[in-house]
Amino acid sequence: MTTATNSIVTDMALAPDGHLKIDWVQAHMPVLNRIREQFEKEQPFKGLKVTISLHLEAKTAYLAKVVKAGGAEVTITGSNPLSTQDDVCAALVEDGITVFAKYNPSPEEYKELLIKSLESKPDLIIDDGGDLVSLLHSERKDLAVNVRGGAEETTTGILRLKAMEKDGKLGFPMVAVNDAYCKYLFDNRYGTGQSVWDGINRTTNLVVAGKTVVVVGYGWCGKGVAMRAKGLGANVIVTEIDAIKGVEAYMDGFAVMPMIEAAKLGDFFVTVTGNRDVIRGEHYKVMKDGAILSNAGHFDVEVNKPELEALSSSKRTVRRNIEEYQLTDGRKVYILAEGRLVNLAAGDGHPAEIMDMTFALQAMSLKYVNDSYQSLGNTVVNVPYVLDEQVARFKLESLGTSVDALSDEQKAYLDSWDEH
């Protein structure tokens, strides 16, 4: 059976546009290109099946092609109903990858597509938010029979994995790619920081300068969103539950206050917590008329939509990816991209050069878990530092630069305790 007859996509006629998108990002992903060359020679996944669940756009598509170049039979699905790009899906099918994904499926369809992607009984997986892992450990344990291990992309997914590991429920090793330095220092901060405002700006077509932006959560993603908001000329408020991060935000030059106070002041709100209900009923009651709410965390639960609907007299779509809620007192509050990830559901996600590093980590971590799964145990595994640094070195080389190396004398000095 060919990938075309086995796949579920919206329209194969869209493939030419998808190929152009993939070609564009490939030209701007030198680290992943270098790894592809290695994989083509070494064939680390020869004879293996790999299932991938990530935001299915051009950069993810190129990662899938790199894994396929390493000898794998690749199946891919989306990790968010609104971030899948139908033209990219069609192009991947033409490139020999099985695809089960389409833009904006119903919740039932979305789950069925996830299950379809696992029915190949993969040897390795790449997951985003733990969706594949969750299915493989619950209602479709039968599809986990061959799984050696995998790699997880997000903070939310790693939290779920660690909870499973703690309860003794994790059935195979998973590499915590999100916790690698090259992931959270660059992807989370610079990738999220830029792509969130790409999504907000292209969707709203409103000025940011002079407005008040409330950033909910000051992890690495929150740092990036706040930094870029400041660069756009906004007044930035940070809300946090962690006092240390609150002090950090204050020292970085931002106002820090509880959400109930920030809710009264914000023009734009961006949630980046990975938790639920961080903007909820009590906050809607004090918001400005015209407040714009968006999520850049993970699932569409950070902004509580049911509580907003309960306070509203009407709801309508006023622009693509903008829903207007008219409250019973006449104020209007807007939610972008249905509360899903605004940078992907209303944009193209992180810049190609940023995802070059992250997806290089994914590819190398997948090889690592395949090489080492028998000794790793059913645990959440950190990305080995040697892989993390190798990605950074490849990146520097692609930029035409490098860093110094320690001399033998310097190494000996650092390793000693009695010669200082």
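Residues numbered from 1 in each chain as written. Predicted model: local features only at pLDDT ≥ 70, side-chain atom pairs only at ≥ 80, totals over all residues. Heavy atoms only, no water.

K.L.:
What is the right way to read the overall build of the protein chain from this model?
P.N.:
Of regular secondary structure, the protein chain possesses 18 helices and 15 strands. In terms of overall dimensions, the protein chain has a C-alpha envelope of 70 × 65 × 45 Å along the principal axes. In the protein chain, of all internal contacts separated by at least 6 residues, the share reaching a separation of at least 24 is 71%. One finds the centroid of the 45 positive side-chain charges in the protein chain at a distance of 4 Å from the centroid of its 59 negative side-chain charges. (Helix = DSSP H or I, 4+ residues; strand = E, 2+ residues; numbered from the N terminus. Contact = heavy atoms within 4.5 Å. Lys, Arg positive; Asp, Glu negative; His and termini not counted. Charge placed at Lys NZ, Arg CZ, Asp CG, Glu CD.)

K.L.:
Would you mind going over the UniProt feature "domain: S-adenosyl-L-homocysteine hydrolase NAD binding" (unreviewed entry) in the protein chain with me for this structure?
P.N.:
As recorded in UniProt, the sites labelled "domain: S-adenosyl-L-homocysteine hydrolase NAD binding" (unreviewed entry) are residues 188-349. The span residues 188-349 is 35% helical and 25% strand by assignment, and the distance between its end C-alpha atoms comes to 11 Å. (UniProt positions renumbered as here; feature names shortened; annotations may be inferred.)

K.L.:
Would you mind showing me how to read the sheet that holds strand S15 (residues 380-382) here?
P.N.:
Across a sheet, paired strands are connected by hydrogen bonds in the backbone, their directions being either parallel or antiparallel. Judged by pairing direction, the sheet is parallel, and its seven strands sit side by side in the order S3-S2-S1-S4-S5-S6-S15 without closing on themselves. Edge positions in the sheet fall to strand S3 (98-100) and S15, since each has one partner strand and no second. If you compare each strand with its neighbour and ignore which way they point, the axes differ by 20° on average. Relative to strand S6 (residues 174-176), strand S5 (residues 149-152) is paired through three bridges, and the arrangement is parallel. Directly across from Ala 151, in S6, lies its bridge partner Val 175. Relative to the sheet, helix H16 (residues 352-376) contacts strand S1 (49-53), strand S4 (124-127), S5, S6 and S15, its axis offset from that of S4 by approximately 130°. (Pairing = 2+ DSSP bridges. Axes fitted to C-alpha atoms, helices over the stretch in contact; angles between N-to-C directions.)

K.L.:
Just to check I follow, could you spell out a nonpolar patch on the surface for this structure?
P.N.:
On the surface, a nonpolar cluster with roughly 440 Å² of combined accessible area is contributed by Val 247, Tyr 250, Met 251 and Val 256. Looking at the nonpolar patch element by element, the count peaks at three residues for helix H11 (residues 243-251). (Patch = residues over 30% accessible without salt bridge, like charges linked within 9 Å, V, L, I, M, F, W, Y side chains within 5 Å. Areas by Shrake-Rupley, 256 points an atom, 1.4 Å probe, with all protein chains shown as cover. Salt bridge = Lys/Arg side-chain N within 4 Å of Asp/Glu carboxyl O.)

K.L.:
What exactly am I supposed to notice about helix H17 (residues 385-398) here?
P.N.:
Residues three or four positions apart in an α-helix share a direction because the helix packs 3.6 residues into each turn. With 14 residues, H17 extends 20 Å between its outermost C-alpha atoms, agreeing within 8% with the 20 Å of an ideal straight helix rising 1.5 Å per residue. Along H17, the positions that sit buried rather than exposed are Leu 387, Asp 388, Val 391, Phe 394 and Lys 395. Around the axis of H17, the buried residues are gathered within 125° of arc, so they sit on the same side. Among the exposed residues of H17, those oriented more than 90 degrees off its buried face are Tyr 385 and Val 386. Where H17 is buried, its residues meet helix H3 (30-42), helix H9 (181-204) and H16. A positive phi of about 80° marks Gly 400, the residue just after H17. (Expected span 1.5 Å × (residues − 1). Buried < 20%, exposed > 50% of the residue type's maximum accessible area, 1.4 Å probe, protein only. Arc of directions from axis to C-beta.)

K.L.:
I keep staring at the side chain of Asn 178 and nothing clicks. Help me out?
P.N.:
Looking at the secondary structure, you find Asn 178 in the loop between S6 and H9. Among the polar contacts listed, one links the side chain of Asn 178 to the side chain of Thr 155, at a separation of 2.8 Å. Leaving out residues up to four positions away in the same chain, Asn 178 has contacts with Glu 152, Glu 153, Thr 154, Thr 155, Ile 158, Lys 183, Tyr 184 and Asn 188. (Polar contact = N/O pair within 3.5 Å; in protein donor to acceptor, adjacent residues only side chain to side chain.)

K.L.:
Sorry if this is basic, but what is going on with the pattern of salt bridges here?
P.N.:
The final tally for this structure, using the stated rule, is 26 salt bridges. In this structure, the salt-bridge partner of Arg 202 is Asp 348, at a minimum N-O distance of 3.5 Å. Of this pair, Arg 202 sits in helix H9 while Asp 348 sits in the loop between helix H15 (342-345) and H16, placing them 146 residues apart in sequence. Among the residues examined, Asp 348 registers a relative accessible area of 38% and is labelled partly exposed. Linking Glu 282 and Arg 280 is a salt bridge whose minimum nitrogen-to-oxygen distance equals 3.0 Å. Its relative accessible area of 41% is what places Glu 282 among the partly exposed residues. Taking the relative accessible area as the measure of exposure, Arg 280 reaches 30% and is therefore partly exposed.

K.L.:
I would appreciate a short explanation of the sheet that holds strand S10 (residues 268-271) in the present structure.
P.N.:
Ordered in space as S9-S8-S7-S10-S11-S14-S13-S12, the eight strands form an open sheet in which the pairing is mixed. The sheet is open, and its two borders are formed by strand S9 (255-256) and strand S12 (312-319), each paired with just one other strand. Here six bridges tie S12 to strand S13 (residues 322-327), and the two strands are oriented antiparallel to one another. Bridge pairing in S13 places Arg 316 opposite Glu 324. Across the sheet, H9 lies against strand S7 (212-216), S10, strand S11 (291-295), S12, S13 and strand S14 (332-336), angled at about 140° from S10, the strand it touches most.

K.L.:
I would appreciate a short explanation of the nonpolar core in the present structure.
P.N.:
Note on soluble globular proteins: their nonpolar side chains tend to be buried together. With 55 residues, the main nonpolar core has Ile 35 and Val 99 as its most contacted residues. The element contributing the most residues to this core is H16, with 11 residues. Leave out the neighbours within four places in its chain, and Val 99 touches Ser 7, Ile 8, Val 9, Leu 56, Ile 76, Cys 89, Leu 92 and Val 93. Residues Trp 197, Val 225, Ile 322 and Leu 336 belong to the second largest nonpolar core, which totals 29 residues. (Core = buried A, V, L, I, M, F, W, Y, C linked by side-chain atoms within 4.5 Å.)

K.L.:
Help me understand unusual backbone geometry in this model?
P.N.:
Excluding glycine, most residues fall at negative phi; most peptide bonds, likewise, are trans. In this structure, Gln 43 takes a positive phi of about 50° despite not being glycine. Looking at Gln 43, the relative accessible area reads 28%, which means it is partly exposed. Of note in this structure, Lys 121 is not a glycine but carries a positive phi near 55°. Summarising the element assignment, Lys 121 is placed in the loop between helix H6 (107-118) and S4. For Lys 121, a relative accessible area of 35% translates into the label partly exposed.

K.L.:
Help me understand the pairing of S5 in this model?
P.N.:
For a regular strand, side chains alternate in direction, first toward one face of the sheet and then toward the other. Burial along S5 is two-sided: the face carrying Gly 149 and Ala 151 and the face carrying Gly 150 and Glu 152 are both buried. As judged from the four bridges shared by S4 and S5, these two strands associate in the parallel manner. Of the residues in S5, the one forming a bridge with Ile 125 is Gly 150. Viewed along the sheet, the connection from S5 through helix H8 (residues 155-166) into S6 turns out right-handed. (Right-handed = clockwise from strand over helix to strand, strands pointing away.)

K.L.:
Help me out: how do you make sense of the environment of Asp 388 in this one?
P.N.:
Its place among the elements puts Asp 388 in helix H17. Its relative accessible area of 4% is what places Asp 388 among the buried residues. Residues Asp 388 and Met 357 lie 31 residues apart in sequence; the distance between their C-alpha atoms is 9.3 Å. A polar contact of 3.0 Å, which involves the side chain of Asp 388, links it to the backbone nitrogen of Cys 182.

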